[in-house]
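# Results of the structural survey
So the chains spell out like this:
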Amino acid sequence: MINVNKIREDFPILNREVNGKPLIYFDNAATSQTPKQVIDVIVDYYSNYNANIHRGVHTLSQEATDLYEEARLKIQKHFNAKHSYEIILTSGTTHGINLVANGFSSLIKKGDEVLVSALEHHSNIVPWQMLCERTGATLKVIPMNDNGELIMSEYEALLSEKTKLVFVNHISNALGTINPIKQMIEMAHKVGAAVLVDGAQSCPHLKSDVQELDVDFYVTSAHKMCGPTGVGMLYGKEEWLNKLPPYQGGGEMIDQVTFEKTTYAGLPHKFEAGTPNICGGIAFGAAVDYMNAIGFENIASYEHELLEYATQQLLKIEGLKIYGTAKEKTSVISFNVEGIHPYDIGTILDKLGIAVRTGHHCAQPIMDFFKIPGTVRASFAFYNTKEEIDALVEGVKTAKMMLS
Ligand code: PMP
């Protein structure tokens, strides 16, 4: 059970006002808010442990290294990776995807096929387009239906021995659809294709077990799950990470360097060139602890309640249409009100202290599918309340009255 009033005390930002009104934060799919348990870790790091890692003999460096590696272990345990060296600490989801896309340049060729889903964020489209341009491989799209669900029969028809890679997000940021990734992974493996799952939107809502999923690569960003920005993780199966070449060259990722030849460090360091976001990595570990202490089952059931309530209340507004009505969906509502531009609704809601996202949500192909320029997106987290949803509904009604 979620004690939302108690949880809200953990988030200092929820006490602030915006435009003279209490902040109502419904832009959680863009980035989540940070609890004081994570903020304290950041302050503690810079107050007491700030040093470069993996290279110092001095105490501070060793302490910072231990904390950083401890965070990797927490992340490993959370996602149930078999080995801690299968967890690469990155700057976020985008970095993880680009690392894999770059690595596959030497593993795929003309005639091979790469599948992406119609529900992807630009960060899970553009790197694969670039990969296909470099290699001559063909990019194909797994289509979706009007509810915003992938059409599995079409996916099956697209899979063949030519398919080398499949990319799909676990949950769509624009519509909230939860994709049947376990089944999709199984189907891809039958034709020998590897699968990368973009977990940017799933990590705040559910706990993924990479071994149970049998996924080849899984990427996410800490800032979506109560951690700081600029840090994330790439999980890769050991055999895949060994096959991929390093992404960036530099310090930390080497074994021996001479001007004639460089040999690379083992996993995970081979993919971690340069000084990483040390504080961010440690805070990512603290965020994982924080969310696990609340419990993902509690989070999921509470957020589901918020989703159902908000859907019912919003649909009472005449002319309001929700995009993305998948059976399996998380607490994201993308909507428009007939005849009103989403940006205008977002602007009025901001005047009322309500933060929502408007626009294409870095998923232009989804907007094109629905033939709209964008939507208003309200995305809920476990620290939101039904009273805040009531304020949103009233805010949309006010906007409608003012704008139509
Ligand atoms: N994929 C999805 C589904 C996302 O929602 C996001 C963030 N909006 C990203 C990828 C990119 O994450 P980041 O900007 O943290 O790299």
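Not measured: the values here are computed from a predicted model.

## Considering the site of the ligand
Neighbouring the ligand are 14 residues; G92, T94, N173, A200 and S221 lie closest to it. Residues belonging to the shell around the ligand are distributed by class as follows: 3 nonpolar, 10 polar and 1 charged.

## Quick look at the packing of helix α11 (residues 296-315) against helix α14 (residues 386-403)
In contact at an axis separation of 10 Å, α11 and α14 are set at 25° when each is read in the N-to-C sense. Taken together, the axis directions place α11 and α14 in an arrangement best described as roughly parallel. Where α11 crosses over α14, the handedness of that crossing is right-handed. Facing α11, whose interface residues are L306, Y309, A310, Q313 and L314, α14 presents K386, I389, V393 and V396. Along the lines of polarity and charge, the residues of the contact of α11 with α14 split into 7 nonpolar, 1 polar and 1 charged.

## Description of the domain arrangement of the protein
Segmenting the protein into domains produces domain 1 (4-27 + 295-403) and domain 2 (51-293). On a C-alpha basis, the centroid separation for the pair domain 1 and domain 2 is 29 Å. Taken together, the contact pairs 22 residues of domain 1 with 23 residues of domain 2. Those elements that provide at least two residues to the side of domain 1 that touches domain 2 are α11, β14 (332-337) and α13 (364-370). Here the element with the most residues in the side of domain 1 that touches domain 2 is α11; it accounts for 4 residues.

## Focus on the sheet that holds strand β10 (residues 232-236)
Sheet architecture is open: 7 strands sit in the order β4-β10-β9-β8-β7-β5-β6, paired in mixed fashion. The sheet is open, and its two borders are formed by β4 (87-90) and β6 (138-142), each paired with just one other strand. Shown here is a sheet whose adjacent strand axes are inclined to one another by a mean of 20°, direction ignored. With 5 bridges joining them, strand β5 (residues 113-117) and β6 adopt parallel strand pairing. Note that in β6 the partner of V114 across the bridge is L139.

## A look at the pairing of β4
With burial as the criterion, each face of β4 is covered, one bearing I87 and L89 and the other bearing I88 and T90. The pairing of β4 with β10 spans 4 bridges and is antiparallel. Pairing of L89 across the sheet is with M233, part of β10.

## Observations concerning α11
Between its terminal C-alpha atoms α11 stretches 28 Å, which fits the 28 Å expected from 20 residues at 1.5 Å a residue. Those residues of α11 not exposed but buried are I299, Y302, E303, L306, L307, A310 and L314. Buried residues in α11, looked at end-on, bunch into an arc of 145°, giving them a common side. Set apart from the buried face of α11 by more than 90 degrees, the exposed residues are E297, E308 and Q312.

## Comments concerning helix α3 (residues 59-79)
Counted at 1.5 Å a residue, the expected span for α3 with its 21 residues is 30 Å, and the 30 Å between its end C-alpha atoms agrees. Listed as buried for α3 are A64, L67, Y68, A71, R72, I75, Q76, H78 and F79. Buried residues along α3 sit in contact with α2 (36-49), β4, α8 (210-213), β9 (217-221), β10 and α10 (278-294). A positive phi of about 55° marks N80, the residue just after α3.

## Here we look at the nonpolar core
Counting residues in each nonpolar core, the largest one holds 111 residues, and the members touching the most others are V166, V195, L196, Y235, I282 and A287. With 10 residues, the top contributor of residues to this core is α10. Each of domain 1 (4-27 + 295-403) and domain 2 (51-293) gives at least three residues to this core. When sequence neighbours within four positions are dropped, the list of residues in contact with L196 reads I97, V100, L165, F167, D216, F217 and V219.

## Some words on the confidence of the model for the protein
Summarising the model, the protein shows a mean pLDDT of 96, and 100% of its residues fall at 70 or more. As scored by the predictor, the complex reaches a pTM of 0.97 and an ipTM of 0.98.

## Side note on the UniProt feature "domain: Aminotransferase class V" (unreviewed entry) in the protein
The residues that UniProt annotates with the feature "domain: Aminotransferase class V" (unreviewed entry) are residues 24-392. Across residues 24-392, the secondary structure splits into 39% helix and 18% strand, with the terminal C-alpha atoms separated by 8 Å.

## Examining the environment of T177
In this structure, T177 sits in the loop between β7 (163-169) and α7 (181-190). T177 sits in the buried class, given 28 other C-beta atoms within 10 Å. Separated by 154 residues in the primary sequence, T177 and S331 have C-alpha atoms spaced 9.4 Å apart. When near neighbours in sequence (up to four residues on either side) are disregarded, T177 contacts L119, G148, E149, I171, S172, G324, A326, E328 and K329.

Conventions we followed
- Residues numbered from 1 in each chain as written.
- Predicted model: local features only at pLDDT ≥ 70, side-chain atom pairs only at ≥ 80, totals over all residues.
- Near = placed C-beta within 6 Å.
- Nonpolar A, V, L, I, M, F, W, Y, C, P; charged D, E, K, R; others polar.
- Axes fitted to C-alpha atoms, helices over the stretch in contact; angles between N-to-C directions.
- Helix = DSSP H or I, 4+ residues; strand = E, 2+ residues; numbered from the N terminus.
- Parallel < 35°, antiparallel > 145°, perpendicular 65-115°, else oblique.
- Left-handed = near helix turned anticlockwise from the far one by under 90°.
- Contact = placed C-beta atoms within 7 Å.
- Domains from an automatic or database assignment.
- Pairing = 2+ DSSP bridges.
- Buried ≥ 20, exposed ≤ 12 C-beta atoms within 10 Å, placed from the backbone.
- Expected span 1.5 Å × (residues − 1).
- Arc of directions from axis to C-beta.
- Core = buried A, V, L, I, M, F, W, Y, C linked by C-beta atoms within 7 Å.
- pLDDT = per-residue confidence, 0-100.
- UniProt positions renumbered as here; feature names shortened; annotations may be inferred.

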